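Architecture and fold: a report
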Amino acid sequence: MLSGYSISRSSTIVITSGDKVIASNEEKLEGTDIKNIEVLQNINKKAVSGQMVHVHNTVSSPKHVFGMLDQGQNYYIYVYLPEHAVFETTPRKVFYYMFGYICLLLIFQMLRWRTDQSYQEAQLKRDKLYQESLKEAAKKAESANLAKTEFLQRMSHDIRTPINGIRGMVEIAGHYKDNPVKQQECLGKIREASGLLLELVNEVLDMGKLESGEIVLESRPFHVLHLVHDITTIVEKQAAERGIEIISGVPSVQHPCLIGSPIHIQRLLMNIVSNAVKYNKENGKVILSCHEVRFTEDTAWIEFTCSDTGIGMSKEFQEHLFEPFTQESHDARSTYNGTGLGMAIVKNLLDKMGGTIDFSSEKDVGTTYRITIPFCIDHNAASTSEAETSDEEISLSGYHILLAEDNLLNLEIAEFILTDAGAVVTKACNGEEALQLFMEASPYEYDIILMDIMMPVMDGYQTTRAIRSLDRPDAKTIPILAMTANAFAEDRQKTYAAGMDEHLTKPLDTELLLKTIAKYTPEKKAPMTP
């Protein structure tokens with residue numbers, strides 16, 4: 001029964017019946033009286049059936065054992081093992097466990113070290129990027145400050161120069177008050193200097209609006225050929241002074257009636273054409289043309305071409321042409337009265353419109369610009385072209401005009417232009433007074449109203465809305481023209497939203513003012529008689 005139970009592997013097993021050992025895996029114990037076996041007696045004394053006990057032998061070996069006792073029907077079973085056998089593998093196991101623990105601890109520490117190292121590297125990288133971004137921001141701030149300082153220095157020079165010219169010519173004209181020829185010469189130079197100052201203000205304001213993203217493009221009908229004609233007419237006066245010939249190319253436009261932002265198109269084309277005149281040679285030529293490149297059902301692509309025989313540009317400067325304040329020659333501002341903003345404005349406006357610009361230029365030969373802009377086709381435009389505006393002078397004889405203007409100097413200028421053209425003018429110094437005068441007048445007594453926008457008591461918008469809301473037959477139909485220094489597209493939109501018919505900007509263009517008045521009261525348009 002006990003064969004195969006090794007003492008070293010399975011401990012000592014003893015089966016007794018009565019006082020005798022009847023079987024054991026330790027053969028020398030068989031037949032021995034249990035009274036002669038100390039270990040069995042000690043286990044018998046302490047043991048509880050099925051539980052292991054620790055006993056100490058005083059005589060026999062081993063001295064210390066772990067044993068247990070169990071009882072069958074006619075026999076007892078003793079099992080015991082020396083204490084040293086129980087703990088024989090414990091040190092080795094403890095060593096293995098410790099070794100494994102240390103290995104795990106080392107692996108954990110290594111992983112932790114690698115994680116910390118990665119974190120530190122990432123943190124160092126973030127810190128480096130942050131430091132670089134700070135340096136870049138500081139560099140940009142410094143560059144912006146330098147640009148601002150340079151801008152103010154430029155503007156200080158460019159604004160003071162025409163102002164100095166205007167004031168100086170006033171002094172000279174006052175000195176030669178009995179010499180009409182000299183006075184006319186001074187007046188011409190004052191007009192030229194004021195035009196330069198206006199151009200500078202317009203360019204600075206346009207550039208500021210474009211860079212801040214506040215520029216608002218219009219979407220209204222216009223005739224592209226009339227627009228090009230108007231630009232040519234304006235520039236011809238400037239070109240004639242230097243003997244420069246403006247040549248209008250034969251237009252090839254199938255859809256001249258378009259929808260877009262004509263005020264901005266005129267602005268960018270004026271910058272191109274005026275540069276072609278400004279940087280041209282004496283007795284040179286400027287060729288301006290436009291043609292329709294292609295079209296779809298609703299869109300037409302118009303290409304404007306401007307070629308000149310001017311001073312041209314070097315290859316190096318062409319790379320910086322569209323940067324603000326860039327001029328190839330350091331004396332360009334003095335020689336040509338340039339600000340270096342015109343082409344930057346052109347590029348920004350074209351980007352807003354979805355247009356493109358390319359150019360070719362050769363030093364001392366000339367420059368050609370090609371501008372392509374997509375426009376919506378105006379399908380609701382009249383099939384017949386508008387009649388060309390007559391070049392004859394316009395008489396306002398018989399007109400009764402209500403003029404609302406709070407600035408006394410502007411009021412005097414506008415009154416002079418209107419009365420000099422033959423009109424009768426009723427003046428109002430604020431919006432409320434203009435409204436009262438209109439209400440007190442009989443219907444159709446006034447032919448047209450010229451309305452300033454920024455006025456005390458009631459501004460031009462409020463006054464126009466109040467007039468349009470009156471219960472009288474002419475309230476809805478009388479032409480109201482805005483006459484204001486608010487010159488941006490969003491200002492123009494506000495005037496139309498308030499109920500005004502047209503938007504004229506200050507400083508007033510006498511010819512444009514008279515033509516606009518005649519346009520809205522055509523039955524009273526007639527040539528002035530000598």
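Below, the structure is looked at part by part.

What counts and how
- Residues numbered from 1 in each chain as written.
- Predicted model: local features only at pLDDT ≥ 70, side-chain atom pairs only at ≥ 80, totals over all residues.
- Heavy atoms only, no water.
- Pairing = 2+ DSSP bridges.
- Helix = DSSP H or I, 4+ residues; strand = E, 2+ residues; numbered from the N terminus.
- Axes fitted to C-alpha atoms, helices over the stretch in contact; angles between N-to-C directions.
- Expected span 1.5 Å × (residues − 1).
- Buried < 20%, exposed > 50% of the residue type's maximum accessible area, 1.4 Å probe, protein only.
- Arc of directions from axis to C-beta.
- Contact = heavy atoms within 4.5 Å.
- Polar contact = N/O pair within 3.5 Å; in protein donor to acceptor, adjacent residues only side chain to side chain.
- Phe/Tyr/Trp six-rings, centres within 6.5 Å; stacked < 30°, edge-to-face > 60°.
- Core = buried A, V, L, I, M, F, W, Y, C linked by side-chain atoms within 4.5 Å.

1. Some thoughts on the sheet that holds strand E14 (residues 400–404)
Strand order in the open sheet formed by five strands is E15-E14-E16-E17-E18, with parallel pairing between adjacent strands. Of all the strands in the sheet, the pair left with one neighbour each is strand E15 (424–428) and strand E18 (502–505). Across the sheet, the axes of successive neighbouring strands diverge by a mean angle of 20 degrees, strand direction being ignored. Relative to strand E17 (residues 480–484), strand E16 (residues 448–451) runs parallel, the two being bridged by three bridges.

2. Some points on helix H10 (residues 342–353)
Along an α-helix, a turn takes 3.6 residues, which lines up residues three or four apart on a common side. The terminal C-alpha atoms of H10, which comprises twelve residues, lie 17 Å apart, in line with the 16 Å expected from a rise of 1.5 Å per residue. For H10, the complete set of buried residues consists of Gly342, Met343, Ala344, Ile345, Val346, Leu349, Leu350 and Met353. Where H10 ends, the next residue or the one after it, Gly354, has phi of about 80 degrees, a positive value.

3. Observations concerning the sheet that holds strand E3 (residues 52–56)
The five strands lie next to each other as E2-E1-E5-E4-E3, forming an open sheet whose pairing is antiparallel. Either end of the sheet is taken by a strand with one partner, and the two such strands are strand E2 (20–24) and E3. Averaged over neighbouring strand pairs, the angle between their axes works out to 30 degrees when direction is ignored. In this sheet, E2 lies alongside strand E1 (residues 12–17) in antiparallel orientation, the contact comprising four bridges. Pairing of Val14 across the sheet is with Ser24, part of E2.

4. Side note on helix H11 (residues 408–420)
Here H11 contains 13 residues, and its C-alpha end-to-end distance of 18 Å stays within 8% of the 18 Å for a straight helix at 1.5 Å per residue. Residues of H11 that are buried include every one of Leu411, Ala414, Ile417 and Leu418, and no others. With its buried residues spanning 135 degrees around the axis, H11 presents them on a single face. Set apart from the buried face of H11 by more than 90 degrees, the exposed residues are Leu408, Leu409, Glu412, Phe416 and Asp420. Elements that come into contact with the buried residues of H11 comprise E14, E15, E16, E17 and helix H15 (510–520). Regarding H11, its N-cap is Asn407, as a side-chain oxygen of that residue lies 3.1 Å from the backbone nitrogen of Leu409 further along.

5. Section: unusual backbone geometry
At the junction of Lys506 and Pro507, the peptide bond is cis and its omega measures out at 0 degrees in the coordinates. Among the structural elements, Pro507 can be located in the loop between E18 and H15. Look at Asp364: it is not a glycine, yet its phi comes out positive at around 65 degrees. Among the secondary structure elements, Asp364 is positioned in the loop between strand E11 (356–362) and strand E12 (366–377).

6. Focus: the packing of aromatic side chains
Per the stated rule, a full pass over the model turns up three aromatic pairs. Note on Phe322 and Phe359: the rings are 6.0 Å apart at their centroids and 75 degrees apart in plane angle, and the pair reads as edge-to-face. You can see Phe322 sitting in the loop between helix H8 (315–318) and helix H9 (332–335) and its partner Phe359 sitting in strand E11, a full 37 residues away along the chain. Since its relative accessible area comes to 24%, Phe322 is described here as partly exposed.

7. Focus on the nonpolar core
Leu268, Ile302, Phe304 and Ile371 are the most contacted members of the largest nonpolar core, which has 43 residues in total. Elements that contribute at least two residues to this core include exactly helix H6 (224–240), helix H7 (262–278), strand E9 (285–295), strand E10 (299–308), H10, E11 and E12. Of the residues forming this core, the biggest block, eight residues, is contributed by H7. Apart from the residues within four sequence positions on either side, Phe304 is in contact with Val224, Val228, Ile265, Leu269, Ser289, Cys290, Tyr369, Arg370, Ile371, Ile373 and Phe375. Ranked by size, the runner-up nonpolar core spans 23 residues in total, among them Ala404, Ala428, Ala434 and Ala466.

Everything listed here is a matter of geometry and, on its own, says nothing about what the molecule does.
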